[in-house]
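Topology and contacts: notes
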Amino acid sequence: KDTDRTSLKHSSSERTFSRRELRRVLRAYSQFDPEVGYCQGMNYIVATFLSFLSEEEAFWLLVVVMNEEPYNLRELFSEDMSGTHEML
């Protein structure tokens, strides 16, 4: 349902993407990292990536920003939200 509320075009991009692409990237990541899975808010990150990149590139960029320094967004989406507490 989150994907239905997600804009399919970024204001500074000429690329438009489909909800199917968005869902496929989110589903692929949830299978790649079942511990985190899908969390509300990830759709906006992926939508921004899809505005400028292909599906595959958006998926791999999500893997990087979720798991690698300096981003480590995965900690923001963990069950205990430990990364959010650290940020605040």
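So, here is what we can say about the structure in this document. In this text, all values refer to a predicted model and were calculated from it rather than measured experimentally. All residue numbers refer to position in the chain's written sequence, counted from 1. The predicted origin of the model limits local features to residues at a pLDDT of at least 70 and limits the giving and counting of side-chain atom pairs to 80 or more, whereas totals for whole chains, interfaces and linings rest on all residues. The basis for the side-chain values is all heavy atoms of the structure; hydrogens and waters are excluded.

**Some words on the environment of V65**
Rule in force here: Starting at the N terminus, helices and strands are each numbered in turn, a helix being any DSSP run of H or I of at least four residues and a strand any DSSP run of E of at least two. Accessibility here uses a 1.4 Å probe with only protein chains present; expressed as a share of the type maximum, an area under 20% marks a residue as buried, one over 50% as exposed, and anything in between as partly exposed. Note on contacts: a residue pair qualifies if any of its non-hydrogen atoms lie within 4.5 Å across the two residues.
Looking at the element boundaries, V65 is found in helix α3 (residues 55–67). By relative accessible area, V65 is classed as buried at 7%. Sequence-wise, V65 and I45 are 20 residues apart; in three dimensions their C-alpha atoms are separated by 9.7 Å. Not counting chain neighbours up to four residues away, the residues in contact with V65 comprise F49, Y71, N72 and L73.

**Concerning the packing of helix α1 (residues 19–32) against helix α2 (residues 42–50)**
Rules: Fitting a line to C-alpha atoms yields each axis, with helices limited to the stretch in contact; the angle taken between N-to-C directions then spans 0 to 180 degrees. Note on terminology: angles under 35 degrees are roughly parallel, angles over 145 are roughly antiparallel, angles of 65 to 115 are roughly perpendicular, and the others are oblique. By the definition used in this description, the sense in which the near helix is turned from the far one sets the handedness, with an anticlockwise turn below a right angle giving left-handed and a clockwise turn giving right-handed. Three categories are distinguished: nonpolar for Ala, Val, Leu, Ile, Met, Phe, Trp, Tyr, Cys and Pro, charged for Asp, Glu, Lys and Arg, and polar for the others, with Gly belonging to the last.
Where α1 meets α2, the axes come as close as 10 Å, and the angle between the chain directions of the two elements is 120°. As far as their axial angle goes, α2 and α1 are oblique. The crossing of α1 and α2 is right-handed. Residues E21, L22, V25, L26 and Y29 of α1 form the contact with α2, whose own contacting residues are M42, N43, V46, A47 and L50. When the residues that make up the contact of α1 with α2 are grouped by side-chain class, the tally is eight nonpolar, one polar and one charged.

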